[in-house]
Amino acid sequence: MAVLVGRKAPQFVAPAVVDGEEIVEDFSLNQYLGKKHVLFFFYPKDFTFVCPTELHAFQEKLGEFEKRGVAVVAASTDSEESHWGWLQMPKAAGGIQGITYPIVADTTKTISMNYGVLAGEYDYNENGEMAATGPMIAYRGLFLIDKEGVVQHQVVNNFPLGRSVNEALRMVDALLFHEEKGEVCPANWEAGKQGLKDTHVGVAEYLSAQ
């Protein structure tokens, strides 16, 4: 898996479904540069099981991300038509109707590969034929990207392990706190708690107060 923290997030132009219904052919994260932080997350497949629980969980907290100036964007290796079809299926039937943030179609699998979350790769077999060495779908990768396009946080889960949206929000709060205060966030930091100055004196003062 690629470690992208501290590096520029890989850019792309790809089809996506936005606002739950409109298909656009040239979606890019570049539109947020200098304007918004981005929470960009991958999920394995449309019409599956853990995936809709995550998509709905991010939708339920979308207002919390937006009021922090963070755009939420999802992606999988399914086509934009598949995304659109799943968006028409009611939540009670296992669908994702009601999701309004963009869902990118990584049909070429290059976005997942560039972000280091593609499960498998192409190789040639003994007959010289191209073959996949894995399912060629994305792990549950999540990337917090700042306004300058730099990855500040990433986490990657295997297929059975759903992510915590509250933890994603906590990391957003930590990044915003650091950007605003210039202090760093100790273990288990949450919004409203004390940060610390990144000096020996700062950590001594923090630990002595615990």
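Scoring rules and cut-offs
Residues numbered from 1 in each chain as written. Predicted model: local features only at pLDDT ≥ 70, side-chain atom pairs only at ≥ 80, totals over all residues. Heavy atoms only, no water. Helix = DSSP H or I, 4+ residues; strand = E, 2+ residues; numbered from the N terminus. Rg over C-alpha atoms; globule rule 2.2 N^0.38 Å. Buried < 20%, exposed > 50% of the residue type's maximum accessible area, 1.4 Å probe, protein only. Contact = heavy atoms within 4.5 Å. Areas by Shrake-Rupley, 256 points an atom, 1.4 Å probe, with all protein chains shown as cover. Lys, Arg positive; Asp, Glu negative; His and termini not counted. Charge placed at Lys NZ, Arg CZ, Asp CG, Glu CD. Salt bridge = Lys/Arg side-chain N within 4 Å of Asp/Glu carboxyl O. 1 Å grid on protein atoms, 1.4 Å probe; cavity = no way out; pocket = protein on both sides within 12 Å on 5 of 7 lines; lining within 4 Å. Points joined across faces, edges and corners; volume = space filled by probe spheres on them. Nonpolar A, V, L, I, M, F, W, Y, C, P; charged D, E, K, R; others polar.

A. Highlighting the overall build of the protein chain. For the protein chain, the count of helices and strands is 6 helices and 11 strands. For 210 residues, the compact-globule formula gives about 17 Å, and the C-alpha radius of gyration of the protein chain, at 19 Å, lands near that figure. On the principal axes, the C-alpha backbone points of the protein chain span a range of 65 × 45 × 30 Å. Of all 210 residues assigned to the protein chain, the portion counted as buried reaches 46%. Of all intrachain contacts in the protein chain linking residues separated by at least 6 positions in sequence, the fraction that spans at least 24 positions is 62%. Accessible surface computed for the protein chain: about 10,900 Å², of which carbon and sulfur atoms make up 52%. Side chains of the protein chain give 17 positive and 28 negative charges; the mean places of these two sets differ by 8 Å.

B. Expanded view of the pattern of salt bridges. In this structure the tally under the stated criterion is 8 salt bridges. Across the pair Lys-67 and Glu-64 runs a salt bridge whose closest N-O atoms are separated by 3.3 Å. One end of the pair, Lys-67, and the other, Glu-64, are both in helix α2 (residues 62-67), 3 residues apart, so they sit about a helical turn from each other. Its relative accessible area of 62% is what places Lys-67 among the exposed residues. Taking the shortest distance from any N to any O, the salt bridge between Arg-170 and Glu-167 comes out at 2.9 Å.

C. Quick look at empty space enclosed by the protein. Taken as a whole, this structure holds 1 cavity of 30 Å³ or more when the rule is applied. Every residue lining the largest cavity is listed: Ala-9, Gln-11, Leu-29, Tyr-32, Leu-33, Lys-36, Val-38, Ile-145, Asp-146, Lys-147 and Gly-149. For the lining of the largest cavity, a count of residues per class yields 6 nonpolar, 2 polar and 3 charged.

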